[in-house]
Protein chains: 2
Amino acid sequence: MTQLDIPGTTEHSPRLGRKRDHTRDPEILAAALEVLAETGYDGMTIDMVAARAKAGKATLYRRWPSKGELIIDAVACMKQSGNDYSRLPDTGSLRGDLVAMIKPLSIKDSEKKLQILAGLMSMLSHDPGLADAANAALLEPKVAANRVLMQRAIERGEISAGCDIDLLSLITPSMVAYRVLILRKPVDSAFLLSLIDGVLMPAVGLGPPTNGKTD
Amino acid sequence: MTQLDIPGTTEHSPRLGRKRDHTRDPEILAAALEVLAETGYDGMTIDMVAARAKAGKATLYRRWPSKGELIIDAVACMKQSGNDYSRLPDTGSLRGDLVAMIKPLSIKDSEKKLQILAGLMSMLSHDPGLADAANAALLEPKVAANRVLMQRAIERGEISAGCDIDLLSLITPSMVAYRVLILRKPVDSAFLLSLIDGVLMPAVGLGPPTNGKTD
DNA sequence: CATATACGATACTCTTTAGTTTCGGATCTT
DNA sequence: AAGATCCGAAACTAAAGAGTATCGTATATG
């Protein structure tokens, strides 16, 4: 599904025969993420991942020493995949930028990431390293994007420099997570728009777009 | 720890001998919740729960047909315990009420509930009933409290009736959940106050308490 | 006090799954 | 083409844990 690029050194050099085929690692990691999202860490088995990737179970163990390491690798590799926040919207207004971030593809991506997060939620308490990796790969990209947008708005003087953008940039991700994981309701434009207009814009001091009167 | 009250019918009546001792059910359910919070659903074993409750494993199976049913019961029983939101703060102002909700005990309670939630997060996708039960027992009480406070503020004319209180009442719970489960940072008054003053109050149209000037 | 029954402890069965080993076939190197 | 090695498939091992059965003890009922 995702085309990843692993630094993939060719191990130590054998005189003859084949080299270890690292070209399929991305497929295996993608399969692991799929199964993880569907069944959770404990529900998932190595056989499921191998079957999904059409690889032998032994092949997986030739590359990763354990199930846990495989998952850590799989989560970590999500960080660089599909996060093309390099070109963020730049409409000239904060609201325009935030609205421009609402895209079906982005929503689907978020929902998949949240399913993965749910799958390893119970391990996060016991493995701080995994928790950091999961945050960095699954949530932080979106948070960072929001932060950049707000920072730009500060720099162009649109909003006050006193805004707690570290806090505000967490609102959408955490509300989306709540809605998907707990309420199990779909994330649609209406919901995201009500977050933008009902929460974020007022919080940065930009009044509501339609109703400027208090009474 | 928690003193629960189970309707506890005495099964069918035996002629002689003891009746089934349902007085210890609450202790067992409390033990189950503790182990669940500590190790997650899959990590927890019936033996752990039995040991924690100083009960025999067979005793647990005499009362609950399976591990899953035990957990469902344990989560469900949380709903009525420790949720004395019957007497909510009533300071006369929304901000006063929200600030009055900040109490160390309440924070500890939330954190424990969130650990329980994390423990069964991966099952919520596969068991909608459990998801509803978990939400009703672990998150919804806090959400409902916020909603009541805001509804009162609307009724007394403090804030606009157009406020989306169903949305706004989710903000604190979801942000706290994010902070505890993902960021694994402590929830303190400073954080909650910045939510109130930096997000909620602006969103309901009540300006910041110190700085009323826009420029 | 006698008896039936529920209790806690513990041994047991059976299923699942992580991780290993084996093997025939495919493929790269020389 | 020959040889070495990696591949996928599948059999295998070992450990963990859900659920059951047994047993001696405690206790409520009568």
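Caption draft 1: Region of interest: the overall build of chain A. A count of helices and strands for chain A gives 10 helices and zero strands. Across chain A, helices and strands are ordered from the amino to the carboxyl terminus as α-α-α-α-α-α-α-α-α-α. Of all 215 residues assigned to chain A, the portion counted as buried reaches 47%. Within chain A, contacts between residues at least 6 apart in sequence are counted, and of these 65% link residues at least 24 apart. Element-wise, carbon and sulfur atoms account for 54% of the exposed surface of chain A, whose accessible area totals about 10900 Å².

Caption draft 2: Focus on the interface of chain A and chain B. Contacts between chain A and chain B engage 38 residues on the former and 38 residues on the latter. A combined buried area of about 3100 Å² lies between chain A and chain B, and 68% of that area is made up of carbon and sulfur atoms. Run the count over chain A and chain B and you get two salt bridges. Measuring nitrogen to oxygen at the nearest pair gives 3.5 Å for the salt bridge that ties arginine 184 of chain B to aspartate 132 of chain A. It is helix H9 (residues 171-183) of chain A that provides the largest number of residues to the side of chain A that touches chain B, a total of eight residues. Within the side of chain A that touches chain B, the residues separate by chemical class into 23 nonpolar, 11 polar and four charged.

Caption draft 3: Inspection of the relation of the copies chain A and chain B at higher detail. Each copy of the sequence occupies a distinct position, and chain A is placed on chain B by a rotation of 180° and an axial shift of 0.0 Å, giving an RMSD of 0.0 Å. Taken together, the rotation angle and the small translation identify this as a two-fold axis.

Caption draft 4: Geometry of the packing of aromatic side chains. Taken as a whole, this structure holds zero aromatic pairs over all chains when the rule is applied. The residue whose ring lies beneath arginine 179 of chain A is phenylalanine 191 of chain A, and the NZ or CZ to ring-centre distance is 4.2 Å.

Caption draft 5: Up close: helix H6 (residues 104-124) of chain B. Compared with an ideal rise of 1.5 Å per residue, which puts 21 residues at 30 Å, H6 of chain B spans 29 Å between its outermost C-alpha atoms and is within 8% of the ideal. Considering bend angle alone, the principal kink of H6 of chain B is centred on alanine 118 of chain B and spans about 35°.

Caption draft 6: Structural context of the packing of helix H7 (residues 128-155) of chain A against helix H9 (residues 171-183) of chain B. At their nearest, the axes of H7 of chain A and H9 of chain B sit 12 Å apart, and the two run at 145° to each other. Read as a crossing pair, H7 of chain A and H9 of chain B show a hand that is left-handed. In this structure, H7 of chain A contributes Asn135, Leu139 and Val143 of chain A to the contact, and H9 of chain B contributes Tyr178, Ile182 and Leu183 of chain B.

Caption draft 7: The pattern of salt bridges, seen in detail. Residue and element names in this part refer to chain B. Inspection of the entire model under this criterion finds 26 salt bridges over all chains. Between aspartate 25 and arginine 63 there is a salt bridge, with the nearest N and O atoms lying 2.5 Å from each other. Of this pair, aspartate 25 sits in helix H1 (residues 25-43) while arginine 63 sits in helix H3 (residues 57-63), and the two are 38 residues apart along the sequence. The class for aspartate 25 is buried, based on a relative accessible area of 5%. Residue class for arginine 63 comes out buried when judged on its relative accessible area of 19%. Note that aspartate 97 and arginine 156 form a salt bridge whose closest N and O atoms lie 3.6 Å from each other.

Caption draft 8: How the structure looks around the nonpolar core. Core analysis: the largest hydrophobic core is formed by 145 residues, its most contacted members being Leu117 of chain A together with Leu117 of chain B. With near-sequence residues (within four places) excluded, leucine 117 of chain B lies in contact with Ile182 of chain A together with Leu124, Ala134, Leu138, Leu139 and Leu181 of chain B.

Caption draft 9: The arrangement of helix H4 (residues 67-78) of chain A in detail. Residue and element names in this part refer to chain A. For H4, built from 12 residues, the straight-helix expectation of 16 Å at 1.5 Å per residue is met to within 8% by its first-to-last C-alpha distance of 17 Å. All buried positions along H4 are accounted for by Leu70, Ile71, Ala74, Val75, Cys77 and Met78. Projected onto a plane normal to the axis of H4, the buried residues spread over an arc of 165° and lie on a single side. Turning to H4, the residues buried within the fold contact helix H1 (25-43), helix H2 (46-52), helix H3 (57-63), helix H6 (104-124) and H7.

Caption draft 10: A look at the side chain of asparagine 135 of chain A. Secondary-structure assignment places asparagine 135 of chain A in helix H7. Accessibility expressed as a relative area gives 12% for asparagine 135 of chain A, which makes it buried. When sequence neighbours within four positions are dropped, the list of residues in contact with asparagine 135 of chain A reads Glu140 and Pro141 of chain A together with Tyr178, Ile182 and Leu183 of chain B.

Reading guide: rules and limits
Residues numbered from 1 in each chain as written. Chains lettered and ligands numbered in written order. Predicted model: local features only at pLDDT ≥ 70, side-chain atom pairs only at ≥ 80, totals over all residues. Heavy atoms only, no water. Helix = DSSP H or I, 4+ residues; strand = E, 2+ residues; numbered from the N terminus. Buried < 20%, exposed > 50% of the residue type's maximum accessible area, 1.4 Å probe, protein only. Contact = heavy atoms within 4.5 Å. Areas by Shrake-Rupley, 256 points an atom, 1.4 Å probe, with all protein chains shown as cover. Buried area = accessible area lost by both parts, 1.4 Å probe. Salt bridge = Lys/Arg side-chain N within 4 Å of Asp/Glu carboxyl O. Nonpolar A, V, L, I, M, F, W, Y, C, P; charged D, E, K, R; others polar. Least-squares fit on C-alpha atoms with pLDDT ≥ 70 in both. Phe/Tyr/Trp six-rings, centres within 6.5 Å; stacked < 30°, edge-to-face > 60°. Lys NZ or Arg CZ within 6 Å of the ring centre and 35° of its normal. Expected span 1.5 Å × (residues − 1). Bend = angle between axes of the 7 residues up to and from the residue. Axes fitted to C-alpha atoms, helices over the stretch in contact; angles between N-to-C directions. Left-handed = near helix turned anticlockwise from the far one by under 90°. Core = buried A, V, L, I, M, F, W, Y, C linked by side-chain atoms within 4.5 Å. Arc of directions from axis to C-beta.

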